[in-house]
Protein chains: 2
Amino acid sequence: MRLSQYFLPTLKETPQEAQVVSHRLMLRAGMISQSTSGIYSWLPLGSIVLRKIEAIVRNELNQSGAHEVVLPTIQSADLWKESGRYDAYGAEMLRFQDRHDRDMLYTPTAEELMTDIARRYLRSYRDLPQSLYQIQWKFRDEIRPRFGVMRGREFYMKDAYSFDVNEKGARESYFRMMRAYIKTFDRLGLTAVPVRADPGPIGGDLSHEFHIIASTGESLLYYDRKLEDIMAESGHTEVPVDAIMDLYAMEEEMHDPENCPVPASDLRQARGIEVGHIFYFGTKYSEALGANITDFDGKILPIHMGSYGIGISRLVAAIIEASHDEAGIIWPESVAPFQIALINLKVGDSACDETCQNIYDRLIESGVTVLYDDRQTGAGDKFATMDLIGLPWQVRVGPKGLKAGTVEIKCRRSGVVQEISLGSALTQLTATLAA
Amino acid sequence: MRLSQYFLPTLKETPQEAQVVSHRLMLRAGMISQSTSGIYSWLPLGSIVLRKIEAIVRNELNQSGAHEVVLPTIQSADLWKESGRYDAYGAEMLRFQDRHDRDMLYTPTAEELMTDIARRYLRSYRDLPQSLYQIQWKFRDEIRPRFGVMRGREFYMKDAYSFDVNEKGARESYFRMMRAYIKTFDRLGLTAVPVRADPGPIGGDLSHEFHIIASTGESLLYYDRKLEDIMAESGHTEVPVDAIMDLYAMEEEMHDPENCPVPASDLRQARGIEVGHIFYFGTKYSEALGANITDFDGKILPIHMGSYGIGISRLVAAIIEASHDEAGIIWPESVAPFQIALINLKVGDSACDETCQNIYDRLIESGVTVLYDDRQTGAGDKFATMDLIGLPWQVRVGPKGLKAGTVEIKCRRSGVVQEISLGSALTQLTATLAA
């Protein structure tokens, strides 16, 4: 992509309204634009990252054996009246009437819709286990939206639902999903810590939140420091679910300082951004809506269900909270909007123009994504823009280097700049990055 | 994918409520499920097709030089009050108040949002031309939703917007988009006919609808029969926009029988399903919202805009209308939910099971997508299911054939069944289909 033809409205000033670094950087990098309170438009750079995260989440869900569905954003209130949540759910649910004065709502979460699908189509124990997921926009009318897309009103979410014959099967589905989550976050370049969350009136031990550790997190976590080491390894290896379950790891409301079994020296207290939540809720919705199956011995039983969320739009911000410096964003390779920033330091100089065009063509042929800064502007401006938007590698092409047959390569994460021969630069970059 | 683990609730009976063949087949093939009037859940088989169409549309838009954005489904009414459309748009627009009693609406179309982005970020002729698109759910509260997803209330749409300095530039953007549309429909296995549509009060000749010819279409079209030949070729060759523009091709409201230059013998009259619409509307919204740029000589001028829609969810139905037979759907290869149906005719027979498993593994290794019918059910049921859901190729493995070292391959479109040696079957299929 040529920057001269791209749509990248970066800001030099720091936006006043943004309280957290991810919000500031997303505005400054031209990734998002507020449409109205808590509602954002995703501009091209932000849209690419959103779609890349979506693709990784989808791929891991598919590999876990779940099937994608697409549920509507607007639904009739009837199902929610049946489940009892139409009255119980607060003002965060957007309610309205359609032109025929029927009560409708904007889906804030899809337990009712999914349970309705289960009761229509799942009839027998032979139809189970089953897992369905969707990646869809949700709306919750937060009274005080804040932190940009971190706590917006309209947000993009993956929500999965598992259907099992009994609790034993449901536990297997739960841990299969836990493994898929750990792999997903690892592929996103994140270490997410699972902590036990309040399972609510249903009780039991099967409710975990996944948190990215960040000082701006809204949640307070208490956990055995061994958990971080386990999590850092888990994405690459067989996920040790038993070891994770054995360790103390609690969301604030679940933490009991009086009875905490971890000595103070081993207890880590940290703030976290919740990016995922997995939850086994048994037969709550299947009983309310009559989603039953016939067991192998002919008994009619309600389906055991779990639900599993990942905040896709929030993850964009969480990744930035976890990976940035003074100069801007530092994207993990897997979600970077482009892999390489190609910087022409003297547009109009025929050696620079030709070399850049040649590098650009060859990288694209190799399947590498490139943002080529071909604008008529100074080197300082170009370096600052590319540092701000955080592409993993910069290739800088200037007349002085070209006379010596070299270009500079900067690794955005380490900050290391290497002068390197033109030939090695291409070989090195394509070997590292080619798809 | 093993069918025993998949979620494919096919129906044997023909649903009473469905008036058109695509609606009937989408329900019978377990692709969609009505959630409430005009609002559908997309089940796994339908979701794959929807995502495949989305990916092809996105890829062609990107190649045309447009940039993807993601705009919110919910917006403030303010922009629509500014443009004057808040009152002008009828009851199809879903309006409501948020918890702070602010007027909000569910985006039925995004001219206002896009023009707002243009006025915020496009300042100079140097920022143009520019094209932005999104693929997002829209809602129009149809008074009488019908024909399944063909005329639903919530629908999935690609809408693009072009921004140019003047009419000349806008015409170039318009024809660039026309070329992208023709290529897109060709990749989807469709011949779409562009006809002139009523440009409304703005006038001019730059408004075309793209139609799939089908007897169930809601529009009546009149065009020179030469257009069909040109369109059938256009996807594969340089698109002859001039030749297309020279031919008579009108949507009903634009057709004037008194002054039609085409002799009756060459005039084709046909019904069409509208799947795309491209439209140059000049400065209508940029003037209303003050989206101006500075021209090269310092003059402040309103931006010239066009908008370009493709109905993604409607296309799923339109493809079925254009490609089916008595037995079910016949998917074009590019959008088929799986490329191959692998049918085990005797589950439990060790030769059949092993051969099927072997074929399954090798096809998947080659990057081919396979739906493997491993259910304990009769051959007739299996053939009928696969004919219904319309995968392009069936591989049928039975004990009798295996004794002779053969399997059967059926081409869904031609209906031809070949008996072929096991080795050639794999070679032939992977050569044809490997990604």
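The rules behind these values
Residues numbered from 1 in each chain as written. Chains lettered and ligands numbered in written order. Predicted model: local features only at pLDDT ≥ 70, side-chain atom pairs only at ≥ 80, totals over all residues. Heavy atoms only, no water. Least-squares fit on C-alpha atoms with pLDDT ≥ 70 in both. Contact = heavy atoms within 4.5 Å. Helix = DSSP H or I, 4+ residues; strand = E, 2+ residues; numbered from the N terminus. Buried < 20%, exposed > 50% of the residue type's maximum accessible area, 1.4 Å probe, protein only. Buried area = accessible area lost by both parts, 1.4 Å probe. Salt bridge = Lys/Arg side-chain N within 4 Å of Asp/Glu carboxyl O. Polar contact = N/O pair within 3.5 Å; in protein donor to acceptor, adjacent residues only side chain to side chain. Pairing = 2+ DSSP bridges. Axes fitted to C-alpha atoms, helices over the stretch in contact; angles between N-to-C directions. Phe/Tyr/Trp six-rings, centres within 6.5 Å; stacked < 30°, edge-to-face > 60°. 1 Å grid on protein atoms, 1.4 Å probe; cavity = no way out; pocket = protein on both sides within 12 Å on 5 of 7 lines; lining within 4 Å. Points joined across faces, edges and corners; volume = space filled by probe spheres on them. Nonpolar A, V, L, I, M, F, W, Y, C, P; charged D, E, K, R; others polar. Domains from an automatic or database assignment. Parallel < 35°, antiparallel > 145°, perpendicular 65-115°, else oblique.

A. Up close: the relation of the copies chain B and chain A. Superposition record for chain B on chain A: RMSD 0.0 Å, screw rotation 180 degrees, translation along axis 0.0 Å. Put plainly, the chains are arranged around a two-fold axis. When each C-alpha of chain B is compared by its distance to the rotation axis, Phe-96 of chain B comes out closest, at 3.0 Å. A share of 100% of interface residues in chain B that are also interface residues in chain A marks the association as one of identical surfaces.

B. Local environment of unusual backbone geometry. Residue and element names in this part refer to chain A. Look at the link from Leu-128 to Pro-129: it is a cis peptide, with omega at -5 degrees. Take Pro-129: it is sitting in the loop between α5 (111-121) and β7 (130-139). The backbone phi angle of Asp-101 is positive, close to 60 degrees, even though this residue is not glycine. By secondary structure assignment, the location of Asp-101 is in the loop between β5 (95-97) and β6 (103-106). Under the relative-accessibility criterion, Asp-101 is labelled exposed at 63%.

C. Expanded view of the interface of chain B and chain A. On the chain A side, the residues contacting the 57 residues of chain B number 57 residues. When chain B packs against chain A, the two sides together hide about 4700 Å² of surface, and 57% of this comes from carbon and sulfur. Applying the counting rule to chain B against chain A returns 4 salt bridges. Between Arg-153 of chain A and Asp-98 of chain B there is a salt bridge, with its nearest N and O atoms 2.9 Å apart.

D. The side chain of Arg-396 of chain A, seen in detail. Residues and elements named next belong to chain A. By secondary structure assignment, the location of Arg-396 is in strand β21 (residues 393-397). By relative accessible area, Arg-396 is classed as buried at 9%. Polar side-chain contacts of Arg-396 include one of 3.1 Å to the side chain of Gln-394. Among all residues touching Arg-396, those that are not within four sequence positions of it are Ile-343, Leu-345, Phe-383, Val-407, Glu-408, Lys-410 and Val-417.

E. Molecular detail of the sheet that holds strand β21 (residues 393-397) of chain B. Residues and elements named next belong to chain B. Across the sheet, 5 strands lie side by side as β20-β19-β21-β22-β23; this open sheet has mixed pairing. Single-partner strands in this sheet number two, and they are β20 (370-373) and β23 (417-421). For this sheet, the mean inter-axis angle between neighbouring strands, taken without regard to orientation, is 25 degrees. With 4 bridges connecting them, β21 and strand β22 (residues 406-411) associate as antiparallel partners. Residue Arg-396 lies in a different strand from β22, and its bridge partner there is Glu-408. Contacts between helix α12 (residues 379-389) and the sheet are confined to β19 (340-344), β20, β21 and β22, with β19 contributing the most and set at about 175 degrees to the helix. This element, helix α14 (residues 422-433), spans β19, β21, β22 and β23 of the sheet and lies at about 115 degrees to β23.

F. Focus on the packing of aromatic side chains. One pass over the full model with this rule turns up 30 aromatic pairs over all chains. Aromatic pair Tyr-174 of chain A and Phe-175 of chain A: ring centres 5.3 Å apart, planes at 85 degrees, arrangement edge-to-face. Arranged with centres 5.1 Å apart and planes meeting at 85 degrees, the rings of Phe-281 of chain B and Tyr-285 of chain B form a pair that is edge-to-face. On the basis of relative accessible area, Phe-281 of chain B is assigned to the buried category, the value being 2%. Judged by relative accessible area, Tyr-285 of chain B falls into the buried class, the value being 5%. Clustering of aromatic rings is evident, with ring pairs tying together Tyr-106 and Phe-139 of chain A together with Tyr-106 and Phe-139 of chain B.

G. Looking closely at empty space enclosed by the protein. Under the definition given, this model contains 6 cavities of 30 Å³ or more. The space that makes up the largest cavity amounts to roughly 90 Å³. Residue lining of the largest cavity: Leu-71 and Pro-72 of chain A together with Gly-38, Ile-39, Tyr-40, Trp-42, Trp-137, Val-149, Gly-152, Glu-154, Phe-155 and Ser-313 of chain B, and that is the complete set. For the lining of the largest cavity, the element with the most residues is strand β2 (residues 39-42) of chain B, which contributes 3 residues. Within the lining of the largest cavity, the residues separate by chemical class into 8 nonpolar, 3 polar and 1 charged. Considered as a void within the structure, the second largest cavity measures approximately 70 Å³ in volume. Lining the second largest cavity are Ile-39, Tyr-40, Trp-42, Trp-137, Val-149, Gly-152, Glu-154, Phe-155 and Ser-313 of chain A together with Pro-72 of chain B. At 3 residues, strand β2 (residues 39-42) of chain A tops the list of elements feeding residues into the lining of the second largest cavity.

H. Quick peek at the sheet that holds β21 of chain A. All names here are of chain A. Spatially, β20-β19-β21-β22-β23 is the arrangement adopted by the 5 strands of the open sheet, whose pairing is mixed. Whereas interior strands pair on both sides, the edge strands pair on one side only; in this sheet they are β20 (370-373) and β23 (417-421). Each strand axis lies, on average, 25 degrees off the axis of its neighbour in the sheet, ignoring direction. Packed onto the sheet, helix α11 (residues 350-365) meets β19 (340-344), β20 and β21 and runs at close to 165 degrees relative to β19.

I. Broad picture of the pairing of strand β16 (residues 304-311) of chain A. All names here are of chain A. Of all the 8 residues making up β16, 8 are buried; the element is thus mostly covered by neighbouring parts of the structure. Here β16 shows no split at all, with His-304, Gly-306, Tyr-308 and Ile-310 on one side and Met-305, Ser-307, Gly-309 and Gly-311 on the other all buried. Where strand β13 (residues 267-282) lies against β16, 6 bridges are found, and the strand directions are antiparallel. Of the residues in β16, the one forming a bridge with Phe-279 is Ser-307.

J. Representation of the domain arrangement of chain A. Residues and elements named next belong to chain A. Structurally, chain A comprises domain 1 (3-325) and domain 2 (338-433). Between domain 1 and domain 2, the C-alpha centre-to-centre distance is 38 Å. Tallying the contact residues gives 14 residues for domain 1 and 13 residues for domain 2. Roughly 1100 Å² of surface becomes buried between domain 1 and domain 2 when both sides are summed, with 64% attributable to carbon and sulfur atoms. Summed over the shared surface of domain 1 and domain 2, the result is 2 salt bridges. Linking Arg-412 and Asp-325 is a salt bridge whose minimum nitrogen-to-oxygen distance equals 2.8 Å.

K. The arrangement of the environment of Gln-63 of chain B in detail. Residues and elements named next belong to chain B. Structurally, Gln-63 can be placed in helix α2 (residues 44-63). Placed 117 residues apart in sequence, Gln-63 and Ala-180 show a C-alpha to C-alpha distance of 8.2 Å. At 2.9 Å, the side chain of Gln-63 and the side chain of Asn-59 are in polar contact.

L. Just the pattern of salt bridges, in detail. For the structure shown, the criterion picks out 62 salt bridges over all chains. Here Asp-387 of chain B and Arg-412 of chain B are joined by a salt bridge, their closest N and O atoms 3.9 Å apart. Placement of Asp-387 of chain B in helix α12 and of Arg-412 of chain B in the loop between β22 and β23 is noted, with a sequence separation of 25 residues between them. Comparing Asp-387 of chain B with Arg-412 of chain B shows no difference in burial state: the two are buried. One network of salt bridges, in which partners are shared, links Arg-51, Glu-54, Arg-58 and Glu-68 of chain A together with Arg-51, Glu-54, Arg-58 and Glu-68 of chain B.

M. Inspection of the packing of helix α1 (residues 21-28) of chain B against helix α10 (residues 312-322) of chain B at higher detail. Residue and element names in this part refer to chain B. Running from amino to carboxyl end, α1 crosses α10 at an angle of 105 degrees, the nearest separation of the two axes being 8 Å. When the axes of α1 and α10 are compared, the pair comes out roughly perpendicular. Facing Val-21, Ser-22, Leu-25 and Met-26 of α1, the residues of α10 in contact are Val-316, Ala-317, Ile-320 and Glu-321. Split by residue class, the contact of α1 with α10 holds 6 nonpolar, 1 polar and 1 charged.

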